[in-house]
Amino acid sequence: MKALCWQGKKDLRCEEVPDPIIEAPRDAIVEVTSCAICGSDLHLWDGLVPTMCKGDVMGHEMMGRIVDVGKEANGSGGGLKVGDRVVVPFTIVCGECEQCRKGNYSVCRRTNRNAALGDAFFGHHTAGIFGYSHITGGYAGGQAEYLRVPYADTTLIKVPEGPSDETLLFLGDIFPTGWQAAWQCDIQPTDTVAVWGCGPVGQFALRAARMLGAERVIAIDDVPERLVMAQEGGAETIDRSQVNVLAQLNEMTRGEGPEKCIDAVGMEAHGPTPALEMIDRVMTGLKMETERPTAVREAIMACQVGGTVSIAGVYGGLANLIPLGALMNKALTIRTGQTHVQRWAKELLQRIENEEIDPAVIVTHVESLARGPEMYRKFRDKEDGCVKVVLKPR
């Protein structure tokens, strides 16, 4: 089959790789009909996530149809059958461990087959994740024609036939990621919610904040097309290239700051000034830190006293100059985590079916899988107003 394979920093290739097969009784094989480039895939593209190996298949946003299923994942046991249309969440979940029973699916205790490596990096490992380094299990990703799904009966989300792939695809990652980011804020009817980043997760976070009842949502970015899309989603906007973000937020909130702040940027943030960005770039170059945490720094400084900072942006290692003094003295609450996709999937599918939201509104580019390497570059450079890229394997 064809798949996008990581060969090194900024080096992806569409290559022939062996077709996946059933390896365990709870496996299923999915023929991928659509996949997407996630913003966190760019961290792999940029060589910032360790333990990637040459030839690793990329991708953790995908959907398709089941073409083969293990004996414990079908029938009365698992309920899956050949022909089912499914969305594949980025996390692999057993459904049986203590964390899965609590609904904390992204920290499933069984599915990371490189648990010892994950423990070494994070203290305690995450769940297994498709296409996202050997820290998270070294599983092949879904930017491919076919995908093996372990623990398929508890991982896969069955979806109806009617809606388009573009409407349903994002149930596997960025729609519930944006939703969880807003949900973690415990939004009240009088709240102002500020969202750093108007990429795909930020677009869903700001829309989720509106659906969850925020009085105002303020979106922060510097890409004109993304700011327009945020406005269309019901947000006021700040162009960070034109103003001081902290000063502007204070002006917009009577000097108090927003009650809730969402970091939808993560480890490759820019700014807030050329000098400070250069400091972060030097520190990452010297391996004194592994990421540039501008967005979370600003969110902590901007947040109203007693407020909440929700971190949806991906961080992978160590960051410096985090204002812990502001965090502690302002009595802020920090909430974060990889997304518990299966916790939210049923509710969000219902909201799609009720026409409360059509996730397809964020799609700006649809291309063939073969053009994947070129589209990674376009997404990285935000070329042609790129917000979300969907790839078609066939």
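Below you will find a few notes about this structure. (Residues numbered from 1 in each chain as written. Predicted model: local features only at pLDDT ≥ 70, side-chain atom pairs only at ≥ 80, totals over all residues. Heavy atoms only, no water.)

## Digging into the sheet that holds strand E1 (residues 2-8)
Thinking step 1. The sheet built from three strands is open, its strands ordered E2-E1-E4 with antiparallel pairing. Of all strands in the sheet, those bounded by a partner on one side alone are strand E2 (11-16) and strand E4 (56-57).
Thinking step 2. Pairing of E1 with E4, which is carried by two bridges, proceeds in the antiparallel orientation. Note that in E4 the partner of cysteine 5 across the bridge is valine 57.
Thinking step 3. Sitting on the sheet, helix H15 (residues 372-381) is in contact with E1 and E2, with an inclination near 155° to E2. (Pairing = 2+ DSSP bridges. Helix = DSSP H or I, 4+ residues; strand = E, 2+ residues; numbered from the N terminus. Contact = heavy atoms within 4.5 Å. Axes fitted to C-alpha atoms, helices over the stretch in contact; angles between N-to-C directions.)

## With respect to the packing of aromatic side chains
Thinking step 1. Under the definition given, this model contains six aromatic pairs.
Thinking step 2. Aromatic pair phenylalanine 170 and phenylalanine 204: ring centres 6.2 Å apart, planes at 50°, arrangement tilted. One end of the pair, phenylalanine 170, is in the loop between helix H6 (165-168) and helix H7 (174-183); the other, phenylalanine 204, is in helix H8 (residues 200-211), and 34 residues separate them in sequence. Like phenylalanine 204, phenylalanine 170 is buried.
Thinking step 3. Cluster of aromatic residues (ring-pair linked, three or more members): Phe170, Phe175 and Phe204.
Thinking step 4. The ring of tyrosine 139 carries arginine 113 above its face, with NZ or CZ at 4.1 Å from the centroid. (Phe/Tyr/Trp six-rings, centres within 6.5 Å; stacked < 30°, edge-to-face > 60°. Buried < 20%, exposed > 50% of the residue type's maximum accessible area, 1.4 Å probe, protein only. Lys NZ or Arg CZ within 6 Å of the ring centre and 35° of its normal.)

## Examining the packing of H7 against H8
How two helices pack is summed up by the angle between their axes together with the distance between the axes.
Thinking step 1. Running from N to C, H7 and H8 point in directions that differ by 50°, and their axes come no closer than 7 Å. It follows that H7 is oblique to H8 by the angle criterion. H8 is crossed by H7, and the crossing has right-handed handedness. Contacts between H7 and H8 pair Ile174, Phe175, Thr177, Gly178, Trp179, Ala181 and Ala182 from the former with Pro200, Val201, Phe204, Ala205, Ala208, Ala209 and Met211 from the latter.
Thinking step 2. Considering only residue class, the contact of H7 with H8 consists of 12 nonpolar, two polar and no charged. (Parallel < 35°, antiparallel > 145°, perpendicular 65-115°, else oblique. Left-handed = near helix turned anticlockwise from the far one by under 90°. Nonpolar A, V, L, I, M, F, W, Y, C, P; charged D, E, K, R; others polar.)

These figures capture arrangement, not role.
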